[in-house]
Amino acid sequence: MSCPICGNDTLPEMRPFCSKRCADRDLARWFNGSYAVPSTDPEDIEALEEALDEAARDQQRQDKPH
């Protein structure tokens with residue numbers, strides 16, 4: 001079996017990875033959103049749209065001169 005991050009052979013104690021470094025890199029990808037499960041739930045879409053709208057409003061407030 002090869003490591004999904006770097007392609008090297010895996011170690012039994014680290015499977016499916018070859019090292020702690022590759023395991024940590026994989027975990028970081030989950031944390032930063034590189035891996036995501038898409039949703040088709042309308043509530044999720046609405047929540048995203050609301051969050052984007054709010055972020056845009058916040059940005060506009062920050063960009064206005066005081």
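Refer to the preceding data block for the structure.
Residues numbered from 1 in each chain as written. Predicted model: local features only at pLDDT ≥ 70, side-chain atom pairs only at ≥ 80, totals over all residues. Heavy atoms only, no water.

K.L.:
Describe helix α1 (residues 20-31), with residues and values.
P.N.:
With 12 residues, α1 extends 16 Å between its outermost C-alpha atoms, agreeing within 8% with the 16 Å of an ideal straight helix rising 1.5 Å per residue. Inspection of α1 places Cys 22, Ala 23 and Asp 26 among the buried residues, and these make up the whole buried set. Summarising the axial view, the buried residues of α1 lie within an arc of 105°, below the 170-degree limit, and thus occupy one face. Opposite its buried face, α1 presents the exposed residues Lys 20, Arg 21 and Phe 31, each directed more than 90 degrees away. Taken from the residues just after α1, Gly 33 is the one with a positive phi, measuring 90°. (Helix = DSSP H or I, 4+ residues; strand = E, 2+ residues; numbered from the N terminus. Expected span 1.5 Å × (residues − 1). Buried < 20%, exposed > 50% of the residue type's maximum accessible area, 1.4 Å probe, protein only. Arc of directions from axis to C-beta.)

K.L.:
Could you give an account of unusual backbone geometry, with specific residues and numbers?
P.N.:
Here the amide bond leading from Arg 15 into Pro 16 is cis, since omega sits at 10°, within 30 degrees of zero. Residue placement: Pro 16 occurs in the segment before α1.

K.L.:
Go over the environment of Leu 11, please, and point to the residues and values.
P.N.:
Mapped onto the elements of the fold, Leu 11 is located in the segment before α1. By relative accessible area, which is 37% here, Leu 11 ends up partly exposed. Residues Leu 11 and Met 1, spaced 10 residues apart in sequence, show a C-alpha to C-alpha distance of 9.0 Å. Excluding anything up to four places from it in sequence, Leu 11 contacts Phe 17 and Cys 18. (Contact = heavy atoms within 4.5 Å.)

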